[in-house]
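# Survey of secondary and tertiary structure
Now for the letters of each chain:
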There are 2 protein chains.
Amino acid sequence: MSGMIEPLARMVNQLSKLPGVGQKTAQRLAYHIVSLPEDQVRELAAAIYNGKKQVRFCSICGNYATEDPCAMCRDDDRKNGMLCVVKDPRDVAAMERMREFNGQYHVLHGVISPLQGVGPDDIRIRELMQRLSDGSIKEVILATNPDVEGEATAAYLARLIKPLGIRVTRIAHGVPVGADLEYTDEMTLSRAFSGRSEI
Amino acid sequence: MSGMIEPLARMVNQLSKLPGVGQKTAQRLAYHIVSLPEDQVRELAAAIYNGKKQVRFCSICGNYATEDPCAMCRDDDRKNGMLCVVKDPRDVAAMERMREFNGQYHVLHGVISPLQGVGPDDIRIRELMQRLSDGSIKEVILATNPDVEGEATAAYLARLIKPLGIRVTRIAHGVPVGADLEYTDEMTLSRAFSGRSEI
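Within any chain, residue numbers begin from 1 and follow the written order of that chain's sequence. In the order they appear in the text, chains get letters beginning with A and ligands get numbers beginning with 1. Where totals are concerned, whole chains, interfaces and linings use all residues; where local detail is concerned, this predicted model gives features only for residues with pLDDT of at least 70, and gives and counts side-chain atom pairs only at 80 or more. Hydrogens and water are ignored here; the side-chain numbers use all heavy atoms of the structure.

Throughout, a contact is declared for two residues whenever any of their heavy atoms are within 4.5 Å. Taken together, the 49 residues of chain A in the interface contact 49 residues of chain B. Broken down residue by residue, the surface that chain A buries against chain B is led by I48(A), K52(A) and Y64(A), which jointly contribute 14%. Whenever a nitrogen or oxygen atom comes within 3.5 Å of another N or O atom, the pair is scored as a polar contact, on the condition that within protein one atom can donate a hydrogen and the other can accept it, and that pairs from neighbouring residues in sequence are kept only if both atoms are in side chains. Taken together, the connections running from chain A to chain B amount to twelve residue pairs in polar contact (both at pLDDT 80 or more). Only DSSP runs of H or I covering at least 4 residues are called helices, and only runs of E covering at least 2 are called strands; the numbering of each starts at the N terminus. Top element by residues in the side of chain A that touches chain B is helix α3 (residues 38-54) of chain A. It accounts for 14 residues. All residues other than Ala, Val, Leu, Ile, Met, Phe, Trp, Tyr, Cys, Pro, Asp, Glu, Lys and Arg, Gly among them, are scored as polar; the first ten of these are nonpolar and the last four charged. Among the residues making up the side of chain A that touches chain B, the classes are represented as 26 nonpolar, eleven polar and twelve charged. By convention, the term buried area covers the 1.4 Å-probe accessible surface removed from two parts as they join, with the contributions of both added.

Pasting the structure below:
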């Protein structure tokens, strides 16, 4: 980091540790930050540190929360018997952006991945089964990613939950809205085909 | 920012104000930051805020510095009669990465741009002329960007400095090393042609 004074070099170094931020981007960001008024930079730094410090996990659903249990788990309107199982908190945010699901969530914090040494005991499956034991949940929607680990985890959970007499569903695979059939891979097209519905 | 708790939403909002960071990237960064250990996040936030707070301007060269005058301006080895004029501090860093120039710098903090209402009095030209008045500088290297404003500023400075009997040079324009003639624009090629040198 020649030609760069120490506080700037340290900022660049820290920024370049973020995902998708290389040395060049980190430099651009650092020079931008230095050129900002001090109170704006204080706000940015505070939002980063306080964001981290104030966020905890909800002991029920496993999502990020400021209180435990989280607002969604305390919300009686959401106790409609539907439970959506996702891999991590950002998937909850994605589902919520859809504004269609109004049930509860369960965040696994990972998926079963033998290659990476992640087994069923390493993710929040025990907590899920415990939640299901009181009989209030009527349908479990498995919304893990449509990749190998996500599918395997969904299949594993389905086998575990079905014997409890709970309806288990999986989000549909198919052609993304706005996509072009010509550029859709065979796997997706095959899933879209087999999952076709009457119109 | 539905489905996102307030501290996270605030972090996303702050991060998305950075240049080149959109809503999606900010979310990805925020979720990453929240998943980091607290001391790493403290380091990041501190590097950002302290970086901003500790950085001031050198009153001589105008570059970012921790002390005034900066280390480069105090360095006697760099008082070799050469002064490199650049647009902003990041250009100093770029020149220093080259590891070939061992003179002093002068940061203009902008270029003349009538369209954006930036005149000669709005950038550090007066300070430059003051530095040149003691006769210690023998060559001024104009290293502003090869764009319209950069060229205009270089031309303006050359007209101002030449009468002082100081050598004024301009960095070369030409084909970037590793580039392909076929994909080089006509302006650059024309500059490379007219600036050709004997081999």
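Next comes the rest of the account.
The next subject is unusual backbone geometry. Cis geometry is adopted by the peptide bond preceding P69(A), which originates at D68(A) and carries an omega value of 0 degrees. With respect to the helices, strands and loops of the structure, P69(A) is situated in the loop between β2 (64-65) and α4 (71-74).

Below, the discussion takes up the packing of aromatic side chains. Aromatic pairs are defined between Phe, Tyr and Trp rings, using the six-membered ring for Trp, whenever the two ring centres lie within 6.5 Å; interplanar angles under 30 degrees are classed as stacked, those over 60 as edge-to-face, and all others as tilted. According to the stated counting rule, one finds six aromatic pairs over all chains in the structure shown. A ring pair is formed by Y64(A) and Y31(B), whose centres lie 5.8 Å apart and whose planes are at 20 degrees; its orientation type is stacked. Placement of the pair is Y64(A) in strand β2 and Y31(B) in helix α2 (residues 23-35), with the two residues belonging to separate chains. Pair check on accessibility: Y64(A) and Y31(B) agree, each one buried. With 5.2 Å between their ring centres and 70 degrees between their planes, F101(A) and Y105(A) make a pair best called edge-to-face. Any residue under 20% of the maximum accessible area for its type is buried, any over 50% is exposed, and the rest in between are partly exposed; the area is computed with a 1.4 Å probe on protein chains only. Residue F101(A) is classed as buried on the basis of its relative accessible area of 11%. The structure contains a cluster of three or more aromatic residues connected by ring pairs, namely Y31(A), F57(B) and Y64(B).

With that out of the way, let us pick up the relation of the copies chain A and chain B. Its rotation angle being 180 degrees, the transformation that places chain A on chain B also includes 0.0 Å of axial translation and leaves an RMSD of 0.0 Å. Classification of the inter-copy transformation places it as that of a two-fold axis. Taking the C-alpha atom as reference, chain A places A45(A) closest to the rotation axis, 2.3 Å from it. Taken as a fraction of all interface residues of chain A, those also at the interface in chain B reach 100%, which identifies the copy contact as same-surface. Least-squares superposition aligns the copies on the C-alpha atoms of those residues with pLDDT at or above 70 in both.

This next bit is on the side chain of R78(A). All names here are of chain A. Within the secondary structure layout, R78 lies in the loop between α4 and β3 (82-86). When its relative accessible area of 8% is taken as the criterion, R78 is described as buried. Looking at R78, its side chain comes within polar contact range of the main-chain oxygen of G103, at 2.7 Å. In this structure, R78 is in contact with M72, E96, F101, N102, G103, Q104 and Y105, ignoring residues within four places of it in sequence.

Before going further, it helps to examine the sheet that holds strand β3 (residues 82-86) of chain B. All names here are of chain B. Here a strand pair is declared whenever DSSP counts at least two bridges between the two strands. The strand order across the open sheet formed by four strands is β4-β3-β5-β6, and the pairing between neighbours is parallel. Here the strands that pair on one side only, and so sit at the sheet edges, are β4 (104-107) and β6 (167-170). Mean inter-strand twist for the sheet, computed between neighbouring axes without regard to direction, equals 25 degrees. The sheet contact formed by β3 and strand β5 (residues 139-142) spans four bridges and is parallel. Its bridge partner being in β5, M82 is matched across the sheet by E139. To define axes, lines are fitted to C-alpha atoms, for helices over the stretch in contact only, and angles between the resulting N-to-C directions are given on a 0 to 180 degree scale. Across the sheet, helix α5 (residues 89-98) lies against β3 and β4, angled at about 155 degrees from β4, the strand it touches most. Across the sheet, helix α7 (residues 148-161) touches β3, β5 and β6, and the angle it forms with β6 is around 170 degrees.

It is worth stressing that arrangement in space is one thing and function is another; only the former is reported here.
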